[in-house]
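Examining the three-dimensional arrangement
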Amino acid sequence: MTTHTANRPALPAGTVWPTPPGALHVRPLPRETAASYLTRLAAAYHLSAAHLLDGLHITATGTPTGPPATEIHLSPEATRRLSHFTRIPITHLTRALPQLRPPAPSLANTGAHGTATTRWHAFETALQPLPACTACTIRRSPHQAVPAWIHPAPDLPRIMICTRHQQAASDPRHPTPLDIRPVPELTRTHLRARRRPTATSLTWASTITTRWYDHHQHLHQRWHTRLDRLTAANPHIPPPGPASPTLTCRNLITYPETLTLAAALDRLPPRPHTRTQQSVFLHDLANRLNLPRLAPADHDLLWQRLTTR
Ligand SMILES: [Zn+2]
């Protein structure tokens, strides 16, 4: 990025020349974090995000450690300058990057602008974004591909799945997505999920399948096979340890059964249930999960969901 100031007339004190639009086209991914997009944009110009912000005359505070650990908040004026530099309309930019806020219409109409500031801040670990599909990222970056980080869709378990390129992620500790071609049921589940309205029982279902997974209940063998296939196809997954694949792949591995359970719980009549209703439900659920039978013990979370008022 270059700015040519030698032949310009003097400006009133405190005024900065607008940076001309950049020559490269770097498109944001849907739900990409602002820190990820800024880092990719800067990398296209062989700059750090801090240097890019400096070039756009945007004041930054906080410590940028880069995605996925940190996010960046842009003031409306900083967003406007980013939109000008990238030649991407503000409405497109703010739709893709949920962290950005557009300038207030009243300011935009009068030409008055606030200050261009940004603030880096750390993400809580549980809210860190996930690595985006690398094939989708390459299509949105000129010359070189820098990893992108996106927020998971709000209406599904905490996962990223690209059905077109069969890549998925369920934990920010994986620096790149996993190849899920050996587990095609994940792609099939995701395609089905996108066509259906969100199950209102999703939180309950996720909590139950997480417990089943951690306690090796009901579907242990099937999930173990899935984990084996994923780790065999993805040798870069960290070996067993604090971030073992057993833990970091959990949301992905349980995904099909979580959605099946959520849909079944959605169909339950209001509590309290009769014994017959409970039996019919468990029989039907076992069928849908391809299990010969399902007989949860008293301490099973599913049983608690069925019996708690
Ligand atoms: Zn993709």
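Located above this text is the structure these notes cover.
Residues numbered from 1 in each chain as written. Predicted model: local features only at pLDDT ≥ 70, side-chain atom pairs only at ≥ 80, totals over all residues. Heavy atoms only, no water.

Thoughts on the coordination of the zinc ion
- At the metal site, the zinc ion is ligated by Cys133 (SG), Cys136 (SG), Cys162 (SG) and His165 (ND1), and these contacts range over 2.1 to 2.3 Å.
- Taken together, the four donor atoms coordinating the zinc ion and their angles of 102 to 115 degrees define a geometry best described as tetrahedral.
- Binding-site remark: the zinc ion is held by donors from one chain whose sequence spacing is C-x2-C-x25-C-x2-H. Placement of Cys133 in the loop between strand S4 (130–131) and helix H6 (134–139) and of His165 in the loop between strand S6 (160–162) and strand S7 (167–169) is noted, with a sequence separation of 32 residues between them.
- By relative accessible area, His165 is classed as partly exposed at 26%. (Donors = N, O, S within 2.8 Å, 3.2 Å for Na, K, Ca; no water. Tetrahedral: all angles 85-135°; square planar, octahedral: opposite > 155°, others 65-115°. Helix = DSSP H or I, 4+ residues; strand = E, 2+ residues; numbered from the N terminus. Buried < 20%, exposed > 50% of the residue type's maximum accessible area, 1.4 Å probe, protein only.)

Some points on the pattern of salt bridges
- Across all of its chains, the model carries eleven salt bridges by this definition.
- Here Arg80 ties to Glu77 by a salt bridge, and the two come within 2.8 Å at their closest N and O atoms. Of this pair, Arg80 and Glu77 both sit in helix H3 (residues 76–86), separated by three residues, roughly a single helical turn.
- A relative accessible area of 29% means that Arg80 is categorised as partly exposed.
- When its relative accessible area of 4% is taken as the criterion, Glu77 is described as buried.
- As a salt-bridge pair, Arg181 and Asp179 come within 2.8 Å of each other at their nearest N and O atoms.
- Beyond isolated ion pairs, a larger network of salt bridges with shared partners links Glu185, Arg222, Arg226 and Glu257. (Salt bridge = Lys/Arg side-chain N within 4 Å of Asp/Glu carboxyl O.)

Focus on the packing of helix H12 (residues 255–266) against helix H13 (residues 275–288)
- Packing of H12 against H13 leaves a shortest axis separation of 10 Å and a crossing angle of 150 degrees. As far as their axial angle goes, H13 and H12 are roughly antiparallel. Here the hand of the crossing between H12 and H13 comes out right-handed. Contact with H12, carried on its side by Thr260, Leu261, Ala264 and Leu265, involves Phe281, Leu285 and Arg288 of H13 and no other residues of that element.
- The class makeup of the residues in the contact of H12 with H13 is five nonpolar, one polar and one charged. (Axes fitted to C-alpha atoms, helices over the stretch in contact; angles between N-to-C directions. Parallel < 35°, antiparallel > 145°, perpendicular 65-115°, else oblique. Left-handed = near helix turned anticlockwise from the far one by under 90°. Contact = heavy atoms within 4.5 Å. Nonpolar A, V, L, I, M, F, W, Y, C, P; charged D, E, K, R; others polar.)

With respect to the sheet that holds strand S8 (residues 178–179)
- Taken in spatial order, the three strands of this open sheet run S6-S7-S8, and their pairing is antiparallel. Two strands lie at the open edges of the sheet, namely S6 and S8, each paired on one side alone.
- Here two bridges tie S7 to S8, and the two strands are oriented antiparallel to one another. Paired with Ala168 across the bridge in S8 is Leu178. (Pairing = 2+ DSSP bridges.)

A closer look at the pairing of strand S2 (residues 70–74)
- Counting buried residues in S2 gives four out of five residues, a clear majority hidden from the surface.
- With five bridges connecting them, S2 and strand S3 (residues 117–122) associate as antiparallel partners. Directly across from Thr70, in S3, lies its bridge partner Ala122.

Topic: the sheet that holds S2
- Reading across from one edge, S1-S3-S2 is the order of the three strands in this open sheet, with mixed pairing throughout. Strand pairing shows two members of the sheet lacking a second neighbour, strand S1 (59–61) and S2, which therefore form its edges. Ignoring strand direction, the axes of neighbouring strands in this sheet form an average angle of 20 degrees.
- Packing against the sheet, helix H1 (residues 34–44) makes contact with S2 and S3, and its axis sits at approximately 90 degrees to S2.

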